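# Coordinate inspection notes
Listed below, chain by chain, are the residues.
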Number of protein chains: 2
Amino acid sequence: MNNSFVLRGGIAFSESENSIVTYYRGYLVCVDGICKGAFTELPDEYKSLQLYDYGERLIIPGMTDLHVHAPQYTFRGIGMDEELLEWLNTYTFPEEAKYADLDYALKAYEYFAEDLRRCFTTRAVVFGTLHNEATIKLMDLLEDTGVITYVGKVNMDRNGGEHLQEKDAKASIEATLQWLNAIQGKYKNTMPILTPRFIPSCSDELMKELGRLSAERDLRIQSHLSENLSEIAWVNELVPESTCYANAYEMFDTMGTPERPTIMAHCVHSDEREMAILKKHGAYIAHCADSNMNLTSGIAPIKKFLDAGINVGLGTDVAAGSSMNMLKTMLITLQASKMYYRLVDSNVKPLTFEEVFYMATVGGGKYFGKVGSFKEGYEFDAVVIDDSKMYSMRDMSIRERIERMCYNDADAIIKDKFVRGKKVYS
Amino acid sequence: MNNSFVLRGGIAFSESENSIVTYYRGYLVCVDGICKGAFTELPDEYKSLQLYDYGERLIIPGMTDLHVHAPQYTFRGIGMDEELLEWLNTYTFPEEAKYADLDYALKAYEYFAEDLRRCFTTRAVVFGTLHNEATIKLMDLLEDTGVITYVGKVNMDRNGGEHLQEKDAKASIEATLQWLNAIQGKYKNTMPILTPRFIPSCSDELMKELGRLSAERDLRIQSHLSENLSEIAWVNELVPESTCYANAYEMFDTMGTPERPTIMAHCVHSDEREMAILKKHGAYIAHCADSNMNLTSGIAPIKKFLDAGINVGLGTDVAAGSSMNMLKTMLITLQASKMYYRLVDSNVKPLTFEEVFYMATVGGGKYFGKVGSFKEGYEFDAVVIDDSKMYSMRDMSIRERIERMCYNDADAIIKDKFVRGKKVYS
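Residues numbered from 1 in each chain as written. Chains lettered and ligands numbered in written order. Predicted model: local features only at pLDDT ≥ 70, side-chain atom pairs only at ≥ 80, totals over all residues. Heavy atoms only, no water.

## Topic: the overall build of chain A
Where we set the bar: Secondary structure elements follow DSSP: runs of H or I no shorter than four residues count as helices, runs of E no shorter than two count as strands, and numbering proceeds from the N terminus. Throughout, radius of gyration means the C-alpha value; the globule benchmark is 2.2 Å times the number of residues raised to the power 0.38. Throughout, exposure labels follow a simple rule: accessible area from a 1.4 Å probe, protein chains only, divided by the maximum for the residue type, with under 20% read as buried, over 50% as exposed, and the rest as partly exposed. By definition, residues are in contact when any of their heavy atoms lie within 4.5 Å. For the area figures, the Shrake-Rupley method with a 1.4 Å probe applies, and any residue is considered shielded solely by the protein chains shown. Neither His nor the chain termini are counted; the positive set is Lys and Arg, and the negative set is Asp and Glu. By convention, charge coordinates are those of NZ in Lys, CZ in Arg, CG in Asp, or CD in Glu.
On a plain count of helices and strands, chain A comes out with 13 helices and 19 strands. Radius of gyration (C-alpha) of chain A: 21 Å, near the 22 Å computed for a compact globule of 426 residues. Across its three principal axes, chain A shows a C-alpha extent of roughly 60 × 50 × 35 Å. Residues counted as buried form 67% of the 426 residues belonging to chain A. In chain A, 74% of the contacts between residues at least 6 apart in sequence involve partners at least 24 apart. A total of about 14,200 Å² of accessible surface is found on chain A, and carbon and sulfur atoms cover 45% of it. Chain A carries 46 positive and 61 negative side-chain charges, and their two centres are separated by 5 Å.

Here it is, written out as structure tokens:
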């Protein structure tokens, strides 16, 4: 199978935030890894291409996971009765400290990479640990999956405890430069991203240096923002001169620019002031509803963010989110928004299925360019799905089938997965 | 395999609402379908029994699904952007009307019964439709699964529309008596339960007659209570002399007694007054968190109900809940209670994993007698689970494994399922 071909099946993709376009037994054309569009009848000019007919199967754009912690994957689903800071100290930091051992890291990251290859995700933005060698190993493994990723060696020079902390800002920056040198030109699909864990983990000096490095080398940044009330109070103590948590990042020039956008995970408690900062910088919010429920953080007012024109994608946030399955993340995103409307503010309407499908595909995909759609000119990321386990007593429309698939993720079986026109899983 | 044997594996069950007892490579003894307890060392008196060693697999009590609509199963997962009353009229009532056609019903109920057999549920309380023949077919099929159930022919003599409504109270009661006659003595594991859909579907006369029938024939009742705000307002108009929705049921003698307990699904908006009524009558609340989030109903304050000593079990409420998988229901129950704490009332602590495991097993199991535990004297309902897909980098405790299994339901594979000591699925 080369990078130019035609797929046939039940096609669905977002036309806009509010509409999904579908084709029953439609044609999807890929030329040199780029989508030429979806069609009811195959245009003559593409009739010479190899056609792969998937019959009654569904074909949707690959999904983007904007926030996932690779080293947390193998302990997902435990300690979920804790809140953020207790969970980090009890479960996460001790686990991440083990990635100093390269053999340990290799084995654990093999599990992560293999499961990432097998899931609905074709693009991901990934946290590693603070360890250079383990992070490079992770990047090697991810490059082999065919999934396109940004991966960050984590920076943290305070509050990590004895076993998960760099000596100081200087040591952290030096390690970062060594990491960047070691991987320079090494990968086609795996890009580095600067990754200050969050303000409590990074001294002012380290944050400033990372802000400078980001601008100097045109490197993007990912971090966490306003996830948990205790965390927010702590940031307020740590950076008393900031007007809010988002402003603290801004002060250190780590909030990015529209051309070099920063990803901020969570924003559960972000108010109008933080929204203005996020919007001004063209930042992306990685909405992690599963995680935010599991750690009792709260529910982010995503509809408000969308209405304000802020970039929003979805993140699984493993291991505070318990699965890399983006369909499950979509379901929980819908449920969370319904509860925000019902319990917090009835002026903020629940997200529609259309909006959530958009965020899972185009919303997060935009971070990677023209990704997440089957419109002409988009990179050809696609997932072919067998949903026949979810029988019905009548013919369901393609639109109904993608909704019920999301509410029953266990019954949606991935048949083939393509990234930039290359089949990466079958 | 007869009804007396020993199972060996990783055993977990609730010791109380707040604690789970576990055995690594422990022994579980079943004699004549009754559990003789779990043991670290197998007592001499049971050494002559056949031993089935499940190695590293998990063994937990079967789960009770206190609320599930069989005829809704095959359209689960669509129309989920609607609220209750719109969803009923647009999707549910038109679908249920089709069960007048016995061929249709048979085919659809075969799917339902087979999936019920394959899931974690060993006891279920099931809604059929208003159609006698279809409901009897459903009961036939359920009897064959080995799962123990209560099944209700639905009563509804108003507001169902042209195609899903009985002529009047008299016709509805007559049909009910015919149904009861037709199944008398027919089943070992399948019991009838009176099923007024909810107040808006049943005239005062019908409700009164059902209350009388319940007492006369010692038949239990299931219905819905305080799920949705529009529904509650409507009940207030329909039964203006009631002090609250629960009181309306009470007025018609349909709230049951501790010996003949009524199941009320939802109770999302039940206040102290409704709680007092539920408690006084020994009623069971079927908590359906997945459904309540999907239909934007809200979150029931389950911790308050437990603290008040009200009986609470879990229900999947297919198709407003989208899956019969009780593990998924447990996960969403936990997330819902965390959001109630965070967003509604910080005096109501989130449910712990222990409490939710208890409700899924013993809490609902109690409705069926001594069910849902491996303590001595309980009926032997058990599920053997292979969780090896969910690899870990370290040995997880049995307690950790059952928690992560619940957060990753797709990775928990049922190996064997027993009901009253009989293997019903393998």
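## Considerations on the nonpolar core
The test is simple: Side-chain atoms within 4.5 Å are what join buried Ala, Val, Leu, Ile, Met, Phe, Trp, Tyr and Cys residues into a set we call a nonpolar core.
Residues A:Phe112, A:Met330, B:Phe112 and B:Met330 are the most contacted members of the largest nonpolar core, which totals 270 residues. Non-local contacts of A:Phe112, meaning those with residues more than four positions away in its chain, are made with A:Val68, A:Ala70, A:Tyr73, A:Val126, A:Leu138, A:Leu142, A:Met324 and B:Tyr391.

## Examining unusual backbone geometry
Of note, the bond from A:Val318 into A:Ala319 is cis; its omega dihedral lies within 30 degrees of zero at 10°. Residue position: A:Ala319 is located in the loop between β16 (311-314) and α11 (326-344). Of note, A:Arg420 is a non-glycine position whose phi angle comes to about 50°, a positive value. As for its position among the elements, A:Arg420 is in the loop between β18 (413-419) and β19 (422-425). Judged by relative accessible area, A:Arg420 falls into the partly exposed class, the value being 33%. Backbone geometry at B:Ser226 places phi at a positive 45°, although glycine is not the residue there. Structurally, the position occupied by B:Ser226 is in the loop between β11 (222-225) and α6 (229-238).

## Quick notes on the pairing of strand β18 (residues 413-419) of chain B
Residue and element names in this part refer to chain B. Basically, it comes down to this: A strand pair is defined by DSSP finding two or more bridges across the two strands.
Counting buried positions over the seven residues of β18 gives five, a clear majority of the element. Bridging between strand β17 (residues 382-386) and β18 involves five bridges; their strand directions are antiparallel. Looking at β18, one finds that Val384 is bridged to Asp416. Taken together, the three bridges between β18 and strand β19 (residues 422-425) define a ladder with antiparallel strand orientation. Bridging from a neighbouring strand, Phe418 pairs with Lys423 of β19. Taking the residues that link successive antiparallel strands as the turn, the β18-β19 hairpin has two residues, and the phi of Arg420 there is positive, at about 45°.

## Thoughts on the relation of the copies chain B and chain A
Which entries qualify depends on this criterion: Our superposition of the copies is a least-squares fit, built on the C-alpha atoms of residues whose pLDDT is at least 70 in both.
Its rotation angle being 180°, the transformation that places chain B on chain A also includes 0.0 Å of axial translation and leaves an RMSD of 0.0 Å. Such a combination of rotation and displacement between the chain copies is what one expects of a two-fold axis. When each C-alpha of chain B is compared by its distance to the rotation axis, B:Ala410 comes out closest, at 2.7 Å. The fraction of interface residues of chain B whose copies in chain A are also interface residues reaches 100%, indicating that both copies meet through the same surface.

## Thoughts on the sheet that holds strand β1 (residues 5-16) of chain B
One key point about sheets: their strands pair by backbone hydrogen bonds, in either a parallel or an antiparallel sense. Residues and elements named next belong to chain B. Stated formally: To get an axis, a line is fitted to the C-alpha atoms, and for a helix only the part in contact is used. The angle between two axes follows their N-to-C directions and goes from 0 to 180 degrees.
The strand order across the open sheet formed by seven strands is β3-β2-β1-β4-β17-β18-β19, and the pairing between neighbours is mixed. The strands lining the two open edges of the sheet, one partner per strand, are β3 (34-39) and β19. The sheet shows a mean angle of 40° between the axes of neighbouring strands, taken without regard to direction. Here helix α13 (residues 398-407) sits on the sheet and contacts β1, β2 (19-31), β4 (51-61) and β17; the angle it forms with β4, its principal contact strand, is near 60°.

## So, the pairing of β16(A)
Residue and element names in this part refer to chain A. Covered by surrounding structure in β16 are Asn311 and Gly313 together with Val312 and Leu314, the residues of both alternating faces. Alignment of strand β15 (residues 284-287) against β16, held across four bridges, turns out to be parallel. Bridging across to β16, Ile285 finds its partner in Val312.

## Structural notes on the packing of aromatic side chains
The test is simple: Any pair of Phe, Tyr and Trp rings, taking the six-membered ring for Trp, is counted once the centres come within 6.5 Å. Such a pair is stacked with planes under 30 degrees apart, edge-to-face with planes over 60 apart, and tilted for the rest. Placement of a charge over a ring requires the Lys NZ or Arg CZ to be within 6 Å of the ring centre, with the centre-to-atom vector within 35 degrees of the ring normal.
A complete count under the given rule lists 40 aromatic pairs over all chains for this structure. Taking the centre distance of 6.5 Å and the plane angle of 10° together, the rings of A:Phe13 and A:Tyr23 count as stacked. Linking A:Phe13 in strand β1 (residues 5-16) with A:Tyr23 in strand β2 (residues 19-31), this pair joins segments that are 10 residues apart in sequence. Take A:Phe13 and A:Tyr23: they sit in the same class, and that class is buried. Taking the centre distance of 5.9 Å and the plane angle of 25° together, the rings of A:Phe374 and A:Phe380 count as stacked. Of the two residues, A:Phe374 and A:Phe380, both sit in the buried class. Through pairs of rings, three or more aromatic residues link up here, namely A:Phe5, A:Phe13, A:Tyr23, A:Tyr52, A:Phe374, A:Phe380 and A:Phe418. Sitting above the plane of the A:Tyr73 ring, A:Arg76 keeps its charged end 4.0 Å from the centroid. One cation-aromatic arrangement involves B:Arg76 over A:Tyr391; the distance from NZ or CZ to the ring centre is 5.8 Å.

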